[in-house]
Every structure is written in structure tokens, then in C-alpha cells.
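# Summary of structural features
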Amino acid sequence: MNDIIAQPDKPRGLPGHSTVGTNDLDAAAFYDKLLGVFGIGRVLVQPGRAVYYGHQALEFGVISPFNGAPANVGNGGMVAFEARSRAQIHEVHAVALAAGGSDEGAPGPRGEHADGPYCAYFRDPEGNKFLVYRNVPDEA
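For clarity, every value in this text was computed on a predicted model and none was experimentally measured.

## Quick word on the nonpolar core
- The biggest cluster of nonpolar side chains holds 25 residues, and the ones touching the most others in it are Tyr31, Tyr53 and Phe60.
- Only α1 (29-36), β3 (50-54), β4 (60-63), β5 (79-82), α2 (86-98), β7 (118-123) and β8 (129-134) provide two or more residues apiece to this core.
- If one sorts the elements of this core by residue count, α1 sits on top with four residues.
- Excluding residues within four positions of it along the chain, tyrosine 31 makes contact with Val20, Gly36, Tyr53, Phe60, Val62, Asp124, Asn128 and Phe130.

## Observations concerning the sheet that holds β8
- Ordered in space as β5-β8-β7-β6, the four strands form an open sheet in which the pairing is mixed. Unpaired on one side and paired on the other, β5 and β6 (102-109) mark the two borders of the sheet. For this sheet, the mean inter-axis angle between neighbouring strands, taken without regard to orientation, is 15 degrees.
- Where β7 meets β8, six bridges bridge the pair, whose relative direction is antiparallel. Considered in β8, the bridge of arginine 123 is made with lysine 129.
- Along the sheet face, α1 touches β5, β7 and β8 and points at about 170 degrees away from the line of β7.
- In the packing of α2 onto the sheet, contacts are made with β6, β7 and β8, and the angle to β7 comes to roughly 10 degrees.

## Considering the pattern of salt bridges
- Following the criterion strictly, the structure yields three salt bridges and no others.
- A salt bridge links aspartate 32 to arginine 42, with the nearest nitrogen and oxygen atoms 2.8 Å apart. Of the two residues, aspartate 32 sits in helix α1 while arginine 42 sits in strand β2 (residues 41-46), which places them 10 residues apart along the sequence.
- Where arginine 134 meets aspartate 138, a salt bridge forms, and the shortest distance between an N and an O atom there is 3.0 Å.
- The buried category is assigned to arginine 134, whose relative accessible area is 11%.

Procedures and definitions
Residues numbered from 1 in each chain as written. Predicted model: local features only at pLDDT ≥ 70, side-chain atom pairs only at ≥ 80, totals over all residues. Heavy atoms only, no water. Core = buried A, V, L, I, M, F, W, Y, C linked by side-chain atoms within 4.5 Å. Buried < 20%, exposed > 50% of the residue type's maximum accessible area, 1.4 Å probe, protein only. Helix = DSSP H or I, 4+ residues; strand = E, 2+ residues; numbered from the N terminus. Contact = heavy atoms within 4.5 Å. Pairing = 2+ DSSP bridges. Axes fitted to C-alpha atoms, helices over the stretch in contact; angles between N-to-C directions. Salt bridge = Lys/Arg side-chain N within 4 Å of Asp/Glu carboxyl O.

Structure, rendered in C-alpha cells:
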């Protein structure tokens, strides 16, 4: 058993950034729309290799696999984005679907209590799975 207890007053140490693989870097247009909802834009483009997004630093990337093999979807893999509000969860989910993504779980409460996690799930056009969530109720 791990006896380490989370300390919420300390900065989180994970993740530094996340990436998903692509077989078509032009598909990054999906992420331009999706991450724009969070106010996040492109911070680094490596032509033919990768497009990275963030506020001021690299936070998320869409990359062509380094080994040259085709990108594929990991079974059980998922990238999670934390939303500022439940309304933003609805907006992100709607933008993802309008931009060519597919629904994996409509926005709504998860768990035993309505004030618990509020989530939506979707896949990008290449099948990578995403979660957008808020763990606490919206502030009044």
C-alpha cells in the first residue's frame, strides 16, 4: 500500500504534456477547434512531424510516430482535459462532434451523486479517446 497522501497546496507534478498519434497532420485542424474552447493554441509546429498546443508552454501534441509505423489507437488509453465549468464540458463535446469526432458518452454527472464528477467522452476522427471533466460543482 502506498502511504503517500496528496497535498493539494502543492503544484501537481503530472502530466507534463500528453500526445496522440496521427497518420495525417492536417487532421490537427480538429484540435485547433477543440482546444480553442480552452483558449489554447499552437505553440510549436514541426512540419511533417508534430503540432503542439498550450497556453505558453507545450501541453498537448499531435504527432506522427517517430518510428515511422502507422499511428494507432491504444486500447484503454485516454487523454483527459479539465474544464472550468459544466457549460464548457458541453461546449467542448459539441465542438468535438461538429469537427468530426464521435460521441463516447454525453455530458452529464457520473457516479453516485449529482454533485460528483461531471464528464463527457468523445473520440477524435482517428479514434483517440478523450474525457473532458469537472470534479467539483460550478461556483455560484
